[in-house]
Structures are given as C-alpha cells and as structure tokens.
Amino acid sequence: MAASLTRFTRRRARNTALVVGATLLLVAITHLAETTLHDIRFVTGWTLFGLIVGLALFDLRRRIPVLPLGSASDWEQVHIYGGWCAVAVFLTHTGAGLPDGPLEIALWIPFVAVTISGTVGIWLSRVLPKRMRDHGARELYDRIATRRAEIAAEAQALAISSARDTGSVTIADYYQKELSAYFQRPRNALAHLTGYQGHLRLQQQQIQSLHRYVDARGHKILNRLSELVEIKDDLDYQFAAQSALRLWLFVHVPLAYGLLILIAVHAVLAHAFEVGPS
C-alpha cells in the first residue's frame, strides 16, 4: 500500500512538473515573440488543435479496449495532464481575456464547459468508487431497479403482516406515510453525492421511536424494516454514484467533439482572413 502511494505520488509530481515546465516554456516563447513583434497565434492555435485531437484519442482508446495501445491508466494520465496543457495553451492563445466576437464566444464557451466537465469528471472518478465500497456490495447498474423492487416487496409484506401479527396498525400506518414512496424509487441523489447522511439518521430515529408502541413481535418487524431502509439507502448511493459517473461522460465527450469542429472552422477562417483574397 505504501509502495503504491509512493509510486502514485511520484507519478503525480512528475506529471505536474512536466505541465508546469511546458507552460513556463510557452509563456517564455510568447513573451519573446511579443518583444520581437512576431505573431505566434497560429502556432498556439495549431498547438491547441493538436492537443484537442490527441485528447480525443483517449475516447477511442476507451471505446476499443482490445487495441494494444498501452494501459487505460496510462492513457488517462496523458489525457488529464494533456488537458491542463491545453488550458495553458488556450489562455496563451486568447491572452487570458474574454472573447469579443461571435466565433470567439462560440469557441470560448465550449472550451470552458469541456474544462469544467473534465475537472468534475476527474473528481467523480477519484472519489465515488472509493465511497461506493463503504455502501454495500457493488451492484450492477442494470440490476439496481430489480434489487430495489425486491426490497420494496419485502418491506410492504412486513407492513401488511404487522397489523395481523401485533394487533396494531402503528407500523402499517408509518409504512404507508413514510416508507412506501421511499422504497419505490431512488432517493436523496444529491445527499449521496455530497456524502450527507442526515436523511438516513432521521429515518432510523423515526423507526426506533416506534418500538415503544409495539410488542416484541413488532420490535422484530421494525428491526428488519430498519435493515431494509439501510440496504435501500446503500442501493440509492450505488445508483446515484454510477449515474453520475455515466452522465458526466455524456456531457464531456460530445462537448469535446463539438469543440474540435469549432476549432477547425476557426483555423480555416483565420487562415482565410490572414491570406486574404488575391
């Protein structure tokens, strides 16, 4: 474990140093070009285009994992730190200023959106898989709805049988008022993604408070309902986390391809106006 952390720390330090070094070199070249009255916007523009193309190749590698093109982990590292290089080149190319024309705005907005969605995706892919290990056994995404229905059916059966077994409708009434809807569909997605568990503690406290109104048979039913609430909460966490890990790709990847097309159009127009009609 310690050796693995050391390798991870070294890799992060090395990659960060490469990005910082490349950025400083780019800034120095830009400053030198400005002092010698050279325009390097075409250089930074084509560099940015090349970087975006290279970053897009990671999606092809992800879609075709059987290709012998190196490990997915290495590709991911190149994609992450190449992305930060692209941000540095973009800021150099635009002068770190706001856009002032329709095409510049059309390029600026998707680039910022791709950067933000990529940063969010890095955070999600680093944090959520670790947290999922603390929320029950990993459930396949396509199996979650089926498992939820099984839990809901057991909870409903317990609530129905409680009136007969305890001679009281306390548990059945509570189930109808608080738990019936809870078991039917995913809940508390935002709370799960932010690590908040106040909703679970509140439900467990409510179930615990019912023990005073029922007999020993009722206690047994309440204890099982409490377990089912916790199992359902873990399942909701799995659903929220896996949905987030899928959703950010549906945002990031199309934006990146759209940005690539816009940059190509921008390059063609920039060269056309630079050369001018003869």
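The coordinates are above.
Let me begin by describing the structure that accompanies this report. (Residues numbered from 1 in each chain as written. Predicted model: local features only at pLDDT ≥ 70, side-chain atom pairs only at ≥ 80, totals over all residues. Heavy atoms only, no water.)

## With respect to the overall build of the protein chain
Stage number 1. The secondary structure content of the protein chain amounts to 9 helices and 0 strands.
Stage number 2. When the backbone C-alpha atoms are referred to their principal axes, the protein chain occupies close to 95 × 45 × 35 Å.
Stage number 3. Across the protein chain, every contact between residues at least 6 apart in sequence was considered, and the portion connecting residues at least 24 apart equals 80%.
Stage number 4. Split by element, the accessible area of the protein chain, about 17,000 Å² in all, is 66% carbon and sulfur. (Helix = DSSP H or I, 4+ residues; strand = E, 2+ residues; numbered from the N terminus. Contact = heavy atoms within 4.5 Å. Areas by Shrake-Rupley, 256 points an atom, 1.4 Å probe, with all protein chains shown as cover.)

## Observations concerning the packing of aromatic side chains
Stage number 1. One pass over the structure, following the stated rule, counts 4 aromatic pairs.
Stage number 2. Taken together, a centroid distance of 3.9 Å and an interplanar angle of 10° make the contact between Phe-90 and Phe-111 stacked. Separated by 21 residues along the polypeptide, Phe-90 in helix α3 (residues 72-94) and Phe-111 in helix α4 (residues 102-132) bring together distant segments of the chain.
Stage number 3. Geometry around Phe-239 places Arg-148 over its ring, the cationic atom sitting 5.6 Å from the centre.
Stage number 4. Note that Arg-246 overlies the ring of Tyr-141, its terminal NZ or CZ placed 4.1 Å from the centroid. (Phe/Tyr/Trp six-rings, centres within 6.5 Å; stacked < 30°, edge-to-face > 60°. Lys NZ or Arg CZ within 6 Å of the ring centre and 35° of its normal.)

## What about the nonpolar core?
Stage number 1. Grouped together as the largest cluster of nonpolar side chains are 22 residues, with contacts concentrated most on Leu-179, Phe-183, Leu-225 and Val-229.
Stage number 2. Contributing elements (two or more residues each) for this core: α5 (144-166), α6 (170-184), α8 (198-209) and α9 (216-275).
Stage number 3. Setting aside chain neighbours within four positions, we find Leu-179 in contact with Tyr-174, Gln-203, Leu-225 and Val-229.
Stage number 4. Membership of the second largest hydrophobic core comes to 14 residues, among which are Ile-52, Leu-55, Leu-260 and Ile-263. (Core = buried A, V, L, I, M, F, W, Y, C linked by side-chain atoms within 4.5 Å. Buried < 20%, exposed > 50% of the residue type's maximum accessible area, 1.4 Å probe, protein only.)

## Some words on α3
Stage number 1. Here α3 is 23 residues long and its end C-alpha atoms lie 32 Å apart, about the 33 Å a rise of 1.5 Å per residue gives.
Stage number 2. Considered for burial, the residues of α3 that qualify are Gln-77, Ile-80, Tyr-81, Gly-82, Gly-83, Cys-85, Ala-86, Val-87, Ala-88, Val-89 and Phe-90.
Stage number 3. Gly-95 occupies a position one or two residues after α3 and carries a positive phi of about 70°. (Expected span 1.5 Å × (residues − 1).)

## Regarding the side chain of His-211
Stage number 1. With respect to the element layout, His-211 can be found in the loop between α8 and α9.
Stage number 2. Assessed through its relative accessible area of 16%, His-211 is described here as buried.
Stage number 3. If sequence neighbours within four positions are ignored, His-211 has contacts with His-219, Leu-222 and Asn-223.

## Regarding the environment of Leu-26
Stage number 1. Mapped onto the secondary structure, Leu-26 falls in helix α1 (residues 2-35).
Stage number 2. Separated by 59 residues in sequence, Leu-26 and Cys-85 place their C-alpha atoms 9.9 Å apart.
Stage number 3. Those residues within four positions of Leu-26 in sequence are excluded, and the remaining contacts are Thr-44, Ala-88, Val-89 and Thr-92.

## Here we look at the pattern of salt bridges
Stage number 1. By the definition in use, this model includes 8 salt bridges.
Stage number 2. With a shortest N-O distance of 3.2 Å, Arg-147 and Glu-150 are connected by a salt bridge. Here the residue Arg-147 and the residue Glu-150 both occupy positions in helix α5, the gap between them amounting to 3 residues, near one helical turn.
Stage number 3. The partly exposed category is assigned to Arg-147, whose relative accessible area is 27%.
Stage number 4. Residue Glu-150 is classed as partly exposed on the basis of its relative accessible area, which comes to 38%. (Salt bridge = Lys/Arg side-chain N within 4 Å of Asp/Glu carboxyl O.)

## With respect to the environment of Gln-184
Stage number 1. Tracing the backbone through its elements, the reader meets Gln-184 in helix α6.
Stage number 2. Sequence separation between Gln-184 and Ile-80 is 104 residues, and the spatial gap between their C-alpha atoms is 39 Å.
Stage number 3. Gln-184 has contacts with Arg-148 and Ala-152, leaving out every residue within four places of it along the chain.

## Concerning unusual backbone geometry
Stage number 1. Here Asn-188, not a glycine, exhibits a phi torsion of approximately 60°, which is positive.
Stage number 2. Mapping Asn-188 onto the fold places it in the loop between α6 and α7 (189-194).
Stage number 3. Overall, Asn-188 belongs to the partly exposed group, its relative accessible area being 29%.

## Examining the packing of α6 against α8
To characterise two packed helices, one gives the angle between the axes of the helices and the distance between these axes.
Stage number 1. One way to put it is that α6 packs onto α8 with a least axis distance of 12 Å and a crossing angle of 150°. Between α6 and α8, the interaxial angle falls into the category roughly antiparallel. Of the two possible hands of crossing, α6 and α8 adopt the one that is left-handed. Where α6 abuts α8, its residues Tyr-174, Glu-178, Leu-179 and Tyr-182 lie against Gln-203, Gln-206 and Ile-207.
Stage number 2. By residue class, the composition of the contact of α6 with α8 is 4 nonpolar, 2 polar and 1 charged. (Axes fitted to C-alpha atoms, helices over the stretch in contact; angles between N-to-C directions. Parallel < 35°, antiparallel > 145°, perpendicular 65-115°, else oblique. Left-handed = near helix turned anticlockwise from the far one by under 90°. Nonpolar A, V, L, I, M, F, W, Y, C, P; charged D, E, K, R; others polar.)

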